[in-house]
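Results of the structural survey
Each chain is listed here by its residues.
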Amino acid sequence: LNPQPMVRGVQKAQAQAKNAAKNDKNNKNGSQLQDQKKGLKLICPTCKTLMPSFKIFQTHHDSKHPGPCPSEEDIQVSG
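Presented here is a report on the structure given in the accompanying data block. (Residues numbered from 1 in each chain as written. Predicted model: local features only at pLDDT ≥ 70, side-chain atom pairs only at ≥ 80, totals over all residues. Heavy atoms only, no water.)

Quick word on the overall build of the protein chain
Helix and strand content of the protein chain: three helices and three strands. Of the regular secondary structure in the protein chain, the N- to C-terminal order runs α-α-β-β-α-β. The 79 residues of the protein chain split such that 15% are buried. At a minimum sequence separation of 6, the contacts of the protein chain that also span at least 24 residues come to 25%. (Helix = DSSP H or I, 4+ residues; strand = E, 2+ residues; numbered from the N terminus. Buried < 20%, exposed > 50% of the residue type's maximum accessible area, 1.4 Å probe, protein only. Contact = heavy atoms within 4.5 Å.)

And the structure:
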C-alpha cells in the first residue's frame, strides 16, 4: 500500500483559508453592553433605572412605584 500524494492539497488549503476569513468576518468579538447602552434613552426619576421607551417606563412605574406616573416631558433623557 503506497500512499498517494494529495492531489487536492492546494485546493484544500485555499478552501480552509477562505472559510477562516469568512468565519472571522461573521464572528463579532466583544460585548453587547455598549450597543445596549445606546438603546436606553429614559431615566426613571425615582430609581434612576434606564429605559428604552416611554411605554416600558410606564409599565415599570406602575409595577414598581406607587402614585401617578410622570409625563413624558418630566422624564430625564439620557444622552
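And the narrative resumes.
Some thoughts on the nonpolar core
Formed by Leu42, Cys44, Met51, Phe54, Phe57 and Ile75, the largest nonpolar core amounts to six residues. Look past the residues within four positions of Met51 in its chain and what remains in contact with it is Leu40, Lys41, Leu42, Ile56, Phe57 and His60. (Core = buried A, V, L, I, M, F, W, Y, C linked by side-chain atoms within 4.5 Å.)

Considerations on the state of the cysteines
Each disulfide consists of a covalent bond between the sulfur atoms of two cysteine residues. Taken as a whole and judged by the stated rule, the model has zero disulfides. No disulfide involves Cys69; its nearest neighbouring cysteine sulfur is the one of Cys44, lying 8.5 Å away. Its relative accessible area of 30% is what places Cys69 among the partly exposed residues. (Disulfide = S-S within 2.5 Å.)

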